[in-house]
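Letter by letter, the chains look like this.
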Amino acid sequence: MKRRDLLQLGLTTAATALPATRLWAALDPGAPKLLVVFLRGAYDAANLLVPYGADFYYESRPNIAVPRPDSSPQAALRLDDAWALAPAVADSLLPLWQRGQLAFVPFAGTADTSRSHFETQDHIELGGPDNGPRDFRSGFMNRLAAVLGTGLSSTRLEAMAFTDQVPLILRGPTPVANQALRELGKPLLSAPQADAITRMYAGTRLAGTVSGGFEVREAISRQMAEMAGEMEAASRNAIAAKGFAVEARRIARLMRERVTLGFVDVGGWDTHVAQGGASGALANRLGELGRGLAAFADEMGPQWGQTTVVVLSEFGRTFRENGNRGTDHGHGSAYWVLGGGVRGGRIAGEQVALSAATLFQNRDWPVLTDYRALLGGLMRRLYGLNDGQLAAIFPGAQAQDLALV
């Protein structure tokens, strides 16, 4: 096989540019940890964070609106005078809100108006200026890792994507690792193949990358195998009934012991047809995600107090339902920020009363909080970054401090 073909098989995705073979030194348990959860497909924020205070919401969604808060099990869960939470997350996100560990930022997103999943996902992951050239070799989490000095070193693993390939958000010159935890036990290459590839690269500048990459995968596989029995038991519990909840606990184990910057993406949010309201396809997915995040918080244990999770999506969806009782590609969304140190129990950022007059292009939530400003302000508080460091991560953006932590 050609060397190029071997790389395309995913060799470099096991661990990108790992310079040595000694891994897994304990991390400082007091160090801030950040996990970014990307909901690919554009989830419908208005049926998660329900604007029940606006009659226009119910006029716009005669078939899929979540009912106003009352005592029925299908009703939205009141958060304040304007907003409520989907009943699908009553057992997972609502307790975090009540403990002050969850905040929502509605009307958040990008200036991108393409309504293209791929265009806008790239826009967010790169984190560059709205109208500037795109450098697909430099994602904003990789630049954050460079600023913090939290790539891979000879004694520790600190930046990791829990995905089968290094995502755009973590690509760049700073070495990071990746591993899709659901795929453990399904080796990309057999042991003889791995050994042959290691010998092929011996003596080259990629020798450390290759051998270290295989060691990352083997070490993670061993750790996941050790907890397999416990994970199976947890999956019979209500909070871990779905696949994401099991994966979230695995992610927490690694972030608790090995990782300070993490990324995972979750698909299945493109709801053009039969979306549902308080129940149905979207509600089921939200319930699974909520249980996974609650499981992650539980598994982090005492380190939950130093952990922040940001949940985002490429854009929101149309405010009005379509003819298929679903929603189409929109603009503004609602971001979630949760963690043991989050100043939650509140709706943060600029807001506007929802009406036909305040919709973007008469169809979508407007974007009132730029995602780079939001994340920059959060990073400043988490890591004490100065203006120059933030400019290296989000060039041309002005950080906005929402006092989320």
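Scroll up to find the structure this text is about.
Residues numbered from 1 in each chain as written. Predicted model: local features only at pLDDT ≥ 70, side-chain atom pairs only at ≥ 80, totals over all residues. Heavy atoms only, no water.

Caption draft 1: A look at empty space enclosed by the protein. If you walk through the whole model with that rule in mind, you get one cavity of 30 Å³ or more. For the largest cavity, the calculated volume is near 40 Å³. Lining the largest cavity, in full, are L35, V37, F244, A248, I251, V264, L293 and F296. Counting residues per element, the ones that place at least two in the lining of the largest cavity are β1 (33–39), α10 (243–257) and α11 (281–300). Of all the elements, α10 adds the most residues to the lining of the largest cavity, at three residues. Across the lining of the largest cavity, the residue classes break down as eight nonpolar, no polar and no charged. (1 Å grid on protein atoms, 1.4 Å probe; cavity = no way out; pocket = protein on both sides within 12 Å on 5 of 7 lines; lining within 4 Å. Points joined across faces, edges and corners; volume = space filled by probe spheres on them. Helix = DSSP H or I, 4+ residues; strand = E, 2+ residues; numbered from the N terminus. Nonpolar A, V, L, I, M, F, W, Y, C, P; charged D, E, K, R; others polar.)

Caption draft 2: Spatial organisation of the sheet that holds strand β3 (residues 77–78). Taken in spatial order, the three strands of this open sheet run β2-β4-β3, and their pairing is antiparallel. At either margin of the open sheet sits one strand with a lone partner, and together these are β2 (49–50) and β3. (Pairing = 2+ DSSP bridges.)

Caption draft 3: A look at the packing of helix α6 (residues 140–148) against helix α12 (residues 371–383). In the contact formed by α6 and α12, the axes pass within 13 Å of each other and the chain directions differ by 25°. Regarding the angle of α6 to α12, the classification is roughly parallel. As α6 packs across α12, the resulting crossing turns out to be right-handed. Along the contact surface, α6 presents F140, L144 and L148, while α12 presents L375, M379 and Y383. (Axes fitted to C-alpha atoms, helices over the stretch in contact; angles between N-to-C directions. Parallel < 35°, antiparallel > 145°, perpendicular 65-115°, else oblique. Left-handed = near helix turned anticlockwise from the far one by under 90°. Contact = heavy atoms within 4.5 Å.)

Keep in mind that these numbers describe shape and distance, not what the molecule does.
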